[in-house]
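Summary of the model geometry
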Amino acid sequence: MKTLKIWMLSLVLTGLASVGFAQGGKKGEEVKIKTSAVCGMCKATLEKGLAYEKGVNKATLDVDSKVLTVSYNGEKTSLDKIKKAVNELGYDADNSPATPRAYDRLDACCKKDAVH
Amino acid sequence: MLSSKRQAVFALTLTGLLLPFLGMAQTLAGRVIDAANSTPLIGASVIWLGTSQATSTDANGHFTLSPAPSGETAVLISYIGYKPDTVQVQGRAHIVVQLRSATAIQEVTITGKQDRYSALTPTNSQVITAMDLTKSACCNLAESFETNASVEVSTSDAVSGAKQIQMLGLDGAYTLMTTDNVPALRGLATPYRLNYLSGTYIDAIDIIKGTGSVLNGYESISGQVNVRLKDPEKTDKLLVNLYGNSLAKWDANVNTSFTLTPKLSTVLMLHTDQLNHRVDNNKDGFLDLPLGKHYNAFNKWRYDTGKQWVAEIGVQALSETRTGGQVGYRSGMPQEEGSFYGTESETERVSGFSKTSYTFKNKPYQSIGLILSAARHDFDSHYGPRTYDGYQNSGLANLIFQSAFGNTAHTYKTGVSYQYEDFQENLAGQRLSRKERVPGAFFEYIYQNSTNLTLVGGVRADHHNLYGWVYTPRFNVKYDFNPNSILRLAAGKGFRVANPIAENVASLISNRAFYFQNNLQPEKAWNLGGSFTQYFEVGERKGAFITDYYYTTFQNQVVPDMYSSPYQITFTNLNGRSFSKSFQAEVQYELTSMLDMKAAYKYFDVRTTYNGELLQRPFIPNHRAFLNLGFATPFDKWRADLTAQWFGTRLVPSMEHDMNQHESAIMTRTVHPYAVFNGQITRAFKRWEVYLGGENLLDHKQKNPIIAADRPFSQEFDASMVWAPVIGRVIYAGLRFTLK
């Protein structure tokens, strides 16, 4: 009985996972990422940088809330790749920290602790 | 019930507490501090952005700014030695602003779009940004000015392929060239110097019109061109650029940078350009462009502790060979009647500089810097039967101390310098040499009130071992009527020792005899002028209008006279007047979000006394016009640029001399106006960029640029009488690969 339960559970989980995967693979996906962007210049950097990422249709940063809204083609890219792209531009993406070298290269006004 | 009453009381109290703030919400108070150590900044300027309403901080860094005149919500905070910051203050009555110290060595970080016309500098300056540099064929400094209206680039002759810059209608020799603000490529390096800095080495170029600051010596007369080299800390990890054009000339560049420790970084930049294909499109029997091989390497290091010490070291080495002349010429052929005429030059150059600066603890406005630079330039050449070789060893030490009197409204820079030059030239057996030892001292005072006035007064005194004391005063005034209307005035003196042969290499490609008057004196000139800048907004799109006028008058000039006789070039001291009047009006405007326009009109009146007669300088047109259209799709994925340059009628010497006429008059004729069009399209991907472009798209060429091209060993032969392009249409393509 116990083993059956475990089996069932695994099946359900697998099912859920595949549903999740299938969702991630759709063409018109949208995701909101909390970033460490602080200024208008960051907005320009992020939006331009993401425009050059494969599979990204549109990226918009709301400077006040620091939330980056990305619409993308899930068949060509993934959330992880987008977050990595954000990191490589010098910004944190949710819990994933910015690439140190990219962060160092940011202008002083774009660094996290800049006062605005 | 009780709880709701309590709530009401609480709300009332809160409102009561907040009311005074709401009432005076427009008045802004706050404090400005140093970001590094939180010490207050005294005398920092705080201004409502886009207005002239401003205040400055007191002894504790505090300020109170009266309400914005028309609902502005952002303030601009600036302070000498710090990076200015703009802060949104909507709904806030109190702010604390931390300013970051700008590094002590003057250098500005370029990221993406930058203002081309600075609103901050006391001099009339323009910047060619990193983005502008990718708008034209990459290759070297000469092409970098293609999309800029203030600096002209012209071909010096029809054989050597050398290009020269001009500012204010004056020769490039009167413009001080610096790399990272260190004087560079002076003296005997002049003829081909624009080749020696590859476009990929350059981060940005500052163009300063007028005499500028006394810190960099007494030489600049018409202006300064400062090349900012790539910054090891900020530049890309890897940049590869490949270029090829329809003349079969190709270029390759590789830049690579490393951050070795958090404090130490370096960039290594390599360049080569090669032309191995003989091209004679104008069928005059001469190569349109000499064959050439050029190898160039630049290594720059930066050590930045992030605290008091910053140091930079750069070394460059280059080797260049050129072979030009008649199509049939091969290296080593005898240079006499019956053979082919040829030119060959070999150049080797090594140079290095170091800059070290120390900023005092808790005194970010006070710093001391030492600049050291040295160069050896060695060349060996022949132009037909005429040999020309030599070398130049240079050394420069410059110690600069910067501080403030009382508060930072009154700052100053002072220091001492020592310049050493050892020149040696051999022209067809005639030996010229000189050694210069020039100790000097300088002082520059800068007054800056917190709102709209900057005064710069500088003076330097140098003792030249050959020419005695040299005094160089210079003044700059900047007055902002409001943040959008800026007036600048400049006056100053310049002094330089001419190198007549190196500055007139074009004339070597003729059979003219070179005559030098005994005791040629140094050149001295006054430059007076000013500019007015108006930033404007029409239909929510930004634009700028700049107009300037400069008058340069020479007290002495080494005048090359190649016009009085077709058979000789005579160098004499100025005997009479020599001046240049230059007027320029330029407008830049964003026509649509994707289309940017820059248009300029220029008027030059340049006259020199030749043989007792004040005459228009040949080859310089009175009227010129310039138009640049820049198109870019969002995020610059596609970029297209079109530049048109129009040159009005001009006088050129007519070399068919009538022996019955009196000898002194220069015979001139007028040549037609013409226009040159350049264009380029670039497509950018994440790491790749490909570009395709054309120079001289309408294929305008000067007919018969070489006089007596069929008789190169005759007395009439002359390739220096050039006023229009020698090379026709050139199509090029290239690609860039970048790893950030």
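Criteria and cut-off values
- Here the residue numbering is sequential within each chain, running from 1 through the sequence in written order.
- To read the labels, note that chains go from A and ligands from 1, taken in the order they are written.
- Local features in this predicted model are restricted to residues whose pLDDT is 70 or higher, and side-chain atom pairs enter the listing and the counts only when it is 80 or higher, whereas totals over whole chains, interfaces and linings include all residues.
- Helix and strand assignments come from DSSP, with helices taken as H or I runs of at least 4 residues and strands as E runs of at least 2, each series counted from the N terminus.
- As defined in this context, the radius of gyration uses C-alpha atoms, and a globule is described by 2.2 Å times the residue total to the power 0.38.
- The exposure scheme places C-beta atoms from the backbone and then counts, for each residue, the other C-beta atoms within 10 Å of its own, assigning buried at 20 or more, exposed at 12 or fewer, and partly exposed in between.
- Remark: residues whose backbone-derived C-beta atoms lie within 7 Å of one another are considered to be in contact.
- Here the nonpolar group is Ala, Val, Leu, Ile, Met, Phe, Trp, Tyr, Cys and Pro; Asp, Glu, Lys and Arg are the charged ones; every other residue, Gly included, is treated as polar.
- Between any two strands, at least two bridges found by DSSP are needed for them to pair.
- Each residue carries a pLDDT value, the predictor's own confidence for that position, ranging from 0 to 100.

Now for the overall build of chain B. If you tally the helices and strands in chain B, you get three helices and 43 strands. Taking 27 Å as the expected radius of gyration for a compact globule of 740 residues, we find that chain B reaches 28 Å, a close match to that expectation. Across its three principal directions, the C-alpha atoms of chain B cover 120 × 55 × 50 Å. For chain B, the proportion of its 740 residues judged to be buried stands at 43%. Across chain B, contacts joining residues at least 24 apart in sequence account for 63% of those joining residues at least 6 apart.

Right, let's talk about the interface of chain A and chain B for a bit. Contacts between chain A and chain B engage twelve residues on the former and 16 residues on the latter. Of all the elements, helix α2 (residues 40-51) of chain A adds the most residues to the side of chain A that touches chain B, at three residues. For the side of chain A that touches chain B, the per-class residue count stands at six nonpolar, one polar and five charged.

We now examine the sheet that holds strand β10 (residues 163-167) of chain B. Residues and elements named next belong to chain B. The strand order across the open sheet formed by three strands is β9-β10-β11, and the pairing between neighbours is antiparallel. The open sheet is flanked by β9 (152-155) and β11 (170-171), the only strands paired with a single partner. Across four bridges, β9 lies against β10 in antiparallel orientation. Counted as the bridge partner of Ser154 is Gln164 from β10.

Glancing now at the environment of Ala35(B). Residue and element names in this part refer to chain B. Structurally, Ala35 is set in the loop between β1 (28-34) and β2 (45-48). Judged by local crowding, Ala35 falls into the partly exposed class, with 19 C-beta atoms found within 10 Å. Taking C-alpha positions, Ala35 is 58 Å from Asn519, a pair spaced 484 residues apart along the chain. Ignoring anything within four residues of it in the chain, the contact list for Ala35 reads Gln98, Leu99 and Arg100.

Atomic detail in the predicted coordinates should be set aside for any region of low pLDDT. All names here are of chain A. In the predicted model, chain A carries a mean pLDDT of 81, and 76% of its residues have values of at least 70. Per-element confidence in chain A is highest for strand β3 (residues 67-72), whose mean pLDDT is 94, and lowest for helix α1 (residues 2-24), whose mean pLDDT is 56. Within the model, pLDDT remains below 50 along residues 17-24, and this stretch shows three contacts once partners closer than five positions in the same chain are excluded.

Next up on the list: the confidence of the model for chain B. Residues and elements named next belong to chain B. The predicted model of chain B has a mean per-residue pLDDT of 88, with 91% of residues at 70 or higher. Note on residues 14-25: pLDDT under 50 across the span, and three contacts to partners over four residues away in sequence or across chains. Note that residues 103-114 has pLDDT below 50 and, in this model, 25 contacts with residues that lie over four places away or in other chains. Predicted complex, confidence summary: ipTM 0.72, pTM 0.82.

This part is about the environment of Gln645(B). All names here are of chain B. Following the sequence through the fold, Gln645 ends up in strand β38 (residues 638-647). Judged by the 19 C-beta atoms lying within 10 Å of it, Gln645 falls in the partly exposed class. Sequence separation between Gln645 and Phe626 is 19 residues; the distance between their C-alpha atoms is 4.6 Å. Sequence-distant contacts of Gln645, that is, excluding residues within four places in its chain, are made with Phe626, Ala675 and Val676.

Quick look at unusual backbone geometry now. Despite not being glycine, Asp94(A) has its phi angle at roughly 50 degrees, a positive value. The residue Asp94(A) is located in the loop between α3 (79-88) and α4 (100-104) in this model. When the 14 C-beta atoms within 10 Å are taken as the criterion, Asp94(A) is described as partly exposed. Its identity is not glycine, yet Asp636(B) carries a phi of approximately 60 degrees, on the positive side. Mapped onto the secondary structure, Asp636(B) falls in the loop between β37 (623-632) and β38. Since 19 C-beta atoms lie within 10 Å of it, Asp636(B) is described here as partly exposed.

Residue and element names in this part refer to chain B. The alternating pattern of β2 places Ser45 and Ile47 and Val46 and Trp48 on opposite faces, both of which are buried. Note that β2 and strand β5 (residues 74-78) share four bridges and pair antiparallel. Residue pairing across strands places Val46 opposite Ile77, the latter belonging to β5.

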